[in-house]
Amino acid sequence: MDETGEIGGLVAATLADFAPLAIQDLIPPPLPPGGLWDPTAPPPEEPPPTPVAWRVCFADVAQRDGAAAAVRDLSLGLAIESVDLPDDDWVARSQASLTAIHAGCFIVAPPWDLPGAPPDGVHVLVIEPSMGFGTGHHQTTRLCLDALSGLPVAGRAVLDLGTGSGVLAMAASVLGARRVHAVDIDADAIAAAERSAALNTLPTPVVFETADAFVTPPAPGDVVLANLTGAMLIRSADALGALVAPGGTLVISGFMDYERPGVETALEAFDVVARSAEDEWCAAVLRRR
Ligand code: SAM
């Protein structure tokens, strides 16, 4: 990866700790010399470095300022400007165009794009897009749904750490989990997850709770879902180990390919059963020894 890509990956991973609502690239990729319509134009001898400018939107000022401080602490010499946007419900407007997605044995659909009768073995999860991460439009949510589809969940106690929209917890319920406990540090996400859960027929009711999973740890689960960030998985590795019952399964995501070695080393109390990736985002299924 080039230097710009490495810096971008580092900044994206740092921002992920502050739940950004959107990251927009403000500078389009450069046109080749002569424009797009002259394939015979020779490439420049030394391609100029591509300037990068991102606009990153957060739900509140505390998250924005925390993210700005964390990116400054990386000492990359980046110019950072903080802007207050009018609260004109742009999140709702930007999400109004979302459509259903397919991942593993699930279709995740907003209420306005419900599929007809799904094929046998495919489950529809209705998620009202909101401030909670997890509409299925992010690679990491899809990777977790795909991993969950291949696991024996029926009859197991499932713990969803950082439930966001509640999508993975609802998926576990639909797969026949005996108990599903879903926690998130963000009370707005939990409220939205409860609203979405009410739109679904869940064989096992999901217990949603606003909590920091590593400060007030829930009871251990046989299957633990943790779509968090690489940094959080590494620094919480011991706590995560204690939340997975012996012989239990841990599904992790939210980390990027360059973070995988560090994440797997931190979680060395587990055996890696499967690895997957979409674009630069990664997931893994681990088994506690
Ligand atoms: N599980 C959903 C999915 O897979 O799409 C959402 C994952 S989202 C990447 C991570 C979620 O973890 C966010 O909703 C965030 O608020 C939550 N979170 C971050 N740190 C947490 C912590 N220490 N305890 C509980 N939740 C946390």
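Residues numbered from 1 in each chain as written. Predicted model: local features only at pLDDT ≥ 70, side-chain atom pairs only at ≥ 80, totals over all residues. Heavy atoms only, no water.

Caption draft 1: A look at the site of the ligand. Looking at the ligand, there are 18 residues lining it, with Thr 141, Gly 162, Asp 184, Ala 213 and Asn 227 nearest. Within the contact set of the ligand, an oxygen atom lies 2.6 Å away from a side-chain nitrogen or oxygen of Thr 141. Here a nitrogen atom of the ligand and a backbone polar atom of Thr 163 are 3.4 Å apart. For the ligand, the protein covers 89% of the area, taking 600 Å² as the surface of the free molecule. Among the residues making up the shell around the ligand, the classes are represented as nine nonpolar, six polar and three charged. (Near = heavy atom within 4 Å. Polar contact = N/O pair within 3.5 Å; in protein donor to acceptor, adjacent residues only side chain to side chain. Areas by Shrake-Rupley, 256 points an atom, 1.4 Å probe, with all protein chains shown as cover. Nonpolar A, V, L, I, M, F, W, Y, C, P; charged D, E, K, R; others polar.)

Caption draft 2: Highlighting unusual backbone geometry. A positive phi is found at Ser 75, a non-glycine position, where the angle reads about 55°. Within the secondary structure layout, Ser 75 lies in the loop between helix 2 (61-73) and helix 3 (90-95). In the Ramachandran plot, Asp 279 falls in the positive-phi region, its phi being about 55° despite a non-glycine side chain. (Helix = DSSP H or I, 4+ residues; strand = E, 2+ residues; numbered from the N terminus.)

Caption draft 3: Region of the structure containing the packing of helix 4 (residues 139-149) against helix 5 (residues 167-174). At their nearest, the axes of helix 4 and helix 5 sit 10 Å apart, and the two run at 15° to each other. The orientation of helix 4 relative to helix 5 falls into the category roughly parallel. The handedness of the crossing between helix 4 and helix 5 comes out as right-handed. Within the contact between the two elements, helix 4 uses Thr 141, Cys 144, Leu 145 and Leu 148 and helix 5 uses Val 167, Leu 168, Ala 171 and Ala 172. Looking at the contact of helix 4 with helix 5, its residues break down into seven nonpolar, one polar and no charged. (Axes fitted to C-alpha atoms, helices over the stretch in contact; angles between N-to-C directions. Parallel < 35°, antiparallel > 145°, perpendicular 65-115°, else oblique. Left-handed = near helix turned anticlockwise from the far one by under 90°. Contact = heavy atoms within 4.5 Å.)

Caption draft 4: Highlighting the sheet that holds strand 5 (residues 123-126). If you walk across this open sheet you meet the three strands as 3-4-5, and the pairing is mixed. Unpaired on one side and paired on the other, strand 3 (101-103) and strand 5 mark the two borders of the sheet. Pairs of neighbouring strands in the sheet enclose a mean axial angle of 25°, with direction left out of account. In this sheet, strand 5 lies alongside strand 4 (residues 106-109) in parallel orientation, the contact comprising four bridges. Across the sheet, the residue bridging to Phe 106 is His 123, located in strand 5. Docked against the sheet, helix 5 engages strand 4 and strand 5, running at close to 145° with respect to strand 5. (Pairing = 2+ DSSP bridges.)

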